[in-house]
Amino acid sequence: MSGNVSSFFGSRDALPPDARLECGICWWVYDPAEGDALGNIPPGVPFSALPAHWVCPGCEAGQHKFMRVTD
């Protein structure tokens, strides 16, 4: 697990655009600065703007399984 994590309680709109989120299943981190090449998400896309069908590229967990990384 990287840094400190906290739930965002499904309130995607409350997340800052640069928030990094970590999958609670496999610990893969979504970093908006990097995007997700596997999911065709370009750099600069905040977690709150991910399409509804996007899942964790590490384990296919839904977005509700992600927790905010605070470090």
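Heads up: the structure comes first, above all this text.
Notes on the structure in this doc start here.

## Here's the deal with the nonpolar core
Side chains of a nonpolar character, in soluble globular proteins, are inclined to be buried together.
At step 1: Membership of the largest hydrophobic core comes to 13 residues, with the highest contact counts inside it found for L21, Y30, I41, F47, L50, W54 and F66.
At step 2: What W54 contacts, discounting residues up to four positions off in sequence, is W28, Y30, D36, I41, F47, Q63 and F66.

## Some points on the environment of C59
At step 1: Take C59: it is sitting in the loop between β3 (29-30) and β4 (66-70).
At step 2: In the structure, C59 is positioned 36 residues away from C23 in sequence and 8.7 Å away in space, judged by C-alpha atoms.
At step 3: The contacts of C59, once residues within four sequence positions are left out, are C23, I25 and C26.

## Some details on the pairing of strand β2 (residues 20-23)
At step 1: Pairing analysis gives four bridges linking β2 to β4, with the strands arranged antiparallel. Residue pairing across strands places C23 opposite F66, the latter belonging to β4.
At step 2: Connecting the antiparallel pair β2 and β3 is a turn made up of five residues, with W27 showing a positive phi of about 70°.

Calculation criteria
- Residues numbered from 1 in each chain as written.
- Predicted model: local features only at pLDDT ≥ 70, side-chain atom pairs only at ≥ 80, totals over all residues.
- Heavy atoms only, no water.
- Core = buried A, V, L, I, M, F, W, Y, C linked by side-chain atoms within 4.5 Å.
- Buried < 20%, exposed > 50% of the residue type's maximum accessible area, 1.4 Å probe, protein only.
- Contact = heavy atoms within 4.5 Å.
- Helix = DSSP H or I, 4+ residues; strand = E, 2+ residues; numbered from the N terminus.
- Pairing = 2+ DSSP bridges.

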